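# Report on the structure
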Amino acid sequence: MAYVPQRTEESTPVRLALIGSGWMGAFHAETAATRLGGVQLEAIADPALASAVELAERLGVAKVTADPTDVLADPAVDGVIIAAPARFHASLISAAAAAGKHVFCEKPAATSLAELDSALAAVRDAGVELQIGFNRRFAPDFAAAKNALDAGTVGTPRLLRSLTRDPNNADALPGAERTPPWTIFLETLIHDFDTLNWFNEGAVAEEVQVMADALVEPSLRDTGFLDTAVVTIRYSNGAIAVAEANFSALYGYDVRGEVFGSAGMVQAGSLQQTAATSYTAAGYGGATPRLNVELFAGAYTTEIAAFADTIRSRRNGIQAPGPAAPGGADARAALALALACIEAVKTGAPVRLESSRPAAVAAGEGTR
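Residues numbered from 1 in each chain as written. Predicted model: local features only at pLDDT ≥ 70, side-chain atom pairs only at ≥ 80, totals over all residues. Heavy atoms only, no water.

### Some words on the layout of surface pockets
Applied cut-off: Points on a 1 Å grid over protein atoms alone make up a cavity when a 1.4 Å probe fits among them but cannot get out, and a pocket when they form an open set with protein on both sides within 12 Å along at least five of seven lines; lining residues each have an atom within 4 Å of a point. Grid points are joined across faces, edges and corners, and a volume is the space filled by probe spheres set on the points. Each helix corresponds to a stretch of at least 4 residues labelled H or I by DSSP, and each strand to a stretch of at least 2 residues labelled E; elements are numbered beginning at the N terminus. Just so you know the grouping, Ala, Val, Leu, Ile, Met, Phe, Trp, Tyr, Cys and Pro go in nonpolar, Asp, Glu, Lys and Arg go in charged, and all remaining residues, Gly too, go in polar.
When its volume is computed, the largest pocket comes out at roughly 1,300 Å³. Around the largest pocket, the lining is made up of 47 residues, and of these Trp-23, Met-24, Lys-107, Thr-183 and Glu-187 lie nearest the centre. Mapped by element, the contributors of at least two residues to the lining of the largest pocket are α1 (23–35), α4 (89–98) and α7 (183–199). Residues of the lining of the largest pocket, tallied by class, amount to 24 nonpolar, 14 polar and nine charged.

Spelled out as structure tokens, the structure:
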């Protein structure tokens, strides 16, 4: 009698390199180095070399460089995590694709549609995978809401809502000299735009109207750093969506979504960090998350796990497990909305959107 053969994990890990060792990059690096089995953080690159060295020493990574081309030329690297400033994303995607590396890129994938289309063409031509860091898709409550929508539980979407309220206070707001203009649309609400597009799958955003201002820090108004915004979106299926953001939620990091449909409603997101609540002389209370890496720690980890699974599946010639991760088409649709919002603020008028799906994406851009 012989032992029954069992499937074992392959011995060769998925080897990832990080480009950009800032706040979000450091969390992704920790995930690749310590939170996932079968994944290895091979190298770290950042022009701010001191930051990269500190992170590498903390995580036990031997390869550190100030030049991203070093990790792109490294044959040991299977894929890269791009967490550099947004203005470098498109060029780094293109360079990584040309080097044959699979790509995970934080949002936004670019700051203009033209540069994003060029990057997507490079991804398509190279035949590599591209995943975008729209982490809410990997949060259990948002994923459950999406499953309910796909199952038809709430019927046809009619009203949608997504919000992000960041707990920064006035002292924590970044100064104009180091803050990219239009952060609220390109860096913050872009998550809400992707969530709304995902919840209203199959429909296309056709028009946006925006009201936005610098109410938290008025001195930054003229720099394009607005801290309060409400966006209304009309979709091709008639649904109306609202996205809102603010940078002074002193009670905690608040992210929620909702879809009201012809047969009911589904909601995602909660203010409570845990289910524990207190009842005292001061009243009713509970802890709330204060940081994105507290609220979405699991989602950030799961999205990197999905990226590694995709690379592993490509290596083994099989279909990656789980639902398709957000890719180039999703990045473009969300960016188109963000840029339309900027135009709407500048003109003070509603803005119609052109097609957010370029030929390069329609032909297949190498994503799951």
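### Here we look at α1
Formally: Working rule for helices: expected span equals 1.5 Å times residues minus one. Throughout this description, buried means an accessible area under 20% of the type-specific maximum (1.4 Å probe, protein chains only), exposed means over 50%, and partly exposed covers the range between.
In a regular helix each residue adds 1.5 Å, so 13 residues correspond to 18 Å; α1 covers 17 Å between its end C-alpha atoms and thus fits that length. All buried positions along α1 are accounted for by Met-24, Gly-25, Ala-26, Phe-27, His-28, Ala-29, Glu-30, Thr-31 and Ala-32.

### Some details on the sheet that holds strand β1 (residues 14–19)
What counts, and what does not: Being paired, for any two strands, means DSSP has found at least two bridges between them. Helix axes are fitted only over the stretch in contact, all axes being lines through C-alpha atoms; the angle between N-to-C directions runs from 0 to 180 degrees. The contact rule is simple, with two residues in contact once any of their heavy atoms fall within 4.5 Å.
Here we have six strands laid out as an open sheet, ordered β3-β2-β1-β4-β5-β6, and parallel in their pairing. Edge positions in the sheet fall to β3 (63–65) and β6 (130–132), since each of these pairs with one other strand and no more. Across the sheet, the axes of successive neighbouring strands diverge by a mean angle of 20°, strand direction being ignored. The pairing of β1 with strand β4 (residues 79–82) spans four bridges and is classified as parallel. Considered in β4, the bridge of Ile-19 is made with Ile-82. In the packing of α1 onto the sheet, the strands contacted are β1, β2 (39–45), β4 and β5 (102–105), and the crossing angle to β2 comes to about 145°.

### Concerning the side chain of Asn-135
Note that Asn-135 resides in the loop between β6 and α6 (140–150). Asn-135 sits in the buried class, given a relative accessible area of 2%.

### What to know about the nonpolar core
This is how it is decided: For this analysis, a nonpolar core means a set of buried residues of the types Ala, Val, Leu, Ile, Met, Phe, Trp, Tyr and Cys, connected via side-chain atoms within 4.5 Å.
Phe-185, Phe-193, Val-231 and Ile-233 are the most contacted members of the largest nonpolar core, which has 88 residues in total. Take this core: its biggest share by element is 10 residues, from helix α10 (residues 328–347). Excluding anything up to four places from it in sequence, Ile-233 contacts Phe-193, Leu-196, Ala-205, Glu-207, Val-208, Ala-239, Ile-240, Ala-241 and Leu-337. Listed in part, the 22 residues of the second largest apolar core include Ala-32, Leu-55, Val-61 and Ala-308.

### Notes on the packing of α6 against α7
Selection criterion: Throughout this description, any angle smaller than 35 degrees is read as roughly parallel, any larger than 145 degrees as roughly antiparallel, any in the 65 to 115 degree range as roughly perpendicular, and the remainder as oblique.
Two elements in contact, α6 and α7, have axes separated by 10 Å at closest approach and are oriented at 30°. Comparing their axes, α7 and α6 come out roughly parallel. Packed against α6, whose contacting residues are Phe-142, Ala-143, Ala-145, Lys-146 and Leu-149, the element α7 presents Thr-195, Trp-198 and Phe-199 at the interface. In terms of residue class, the contact of α6 with α7 is made up of six nonpolar, one polar and one charged.

### Concerning the sheet that holds strand β15 (residues 351–352)
Spatially, β12-β11-β7-β10-β9-β8-β15 is the arrangement adopted by the seven strands of the open sheet, whose pairing is mixed. The two strands at the open ends of the sheet, each matched to only one other strand, are β12 (264–268) and β15. Of the strand pairs in this sheet, strand β7 (residues 157–165) and strand β11 (residues 254–261) are connected by eight bridges, and their pairing is antiparallel. Bridging across to β11, Ser-162 finds its partner in Gly-257.

### Topic: the pattern of salt bridges
Side-chain pairing between opposite charges can occur once the charged atoms of the two side chains come close. What counts, and what does not: The salt bridge criterion pairs a side-chain nitrogen of Lys or Arg with a carboxyl oxygen of Asp or Glu, the two atoms within 4 Å.
Counted under the stated rule, the structure contains 22 salt bridges. Between Arg-314 and Glu-129 there is a salt bridge whose closest N-O contact spans 2.7 Å. Separated by 185 residues along the polypeptide, Arg-314 in helix α9 (residues 297–316) and Glu-129 in the loop between α5 (113–126) and β6 bring together distant segments of the chain. Across the pair Asp-309 and Arg-312 runs a salt bridge, and its minimum N-O distance is 2.7 Å. Of this pair, Asp-309 and Arg-312 both sit in helix α9, three residues apart, which is roughly one turn of that helix. What you see here is one network of salt bridges that share partners, running through Arg-161, Arg-165, Glu-244, Asp-254 and Arg-256.

### Some words on unusual backbone geometry
Omega for the bond connecting Lys-107 with Pro-108 falls within 30 degrees of zero, at -15°, which places this linkage in the cis form. You can see Pro-108 is positioned in the loop between β5 and α5. Of note in the backbone geometry, Trp-182 takes a positive phi value of approximately 65° without being a glycine. Inspection of the secondary structure assignment puts Trp-182 in the loop between β7 and α7. Judged by relative accessible area, Trp-182 falls into the buried class, the value being 17%.

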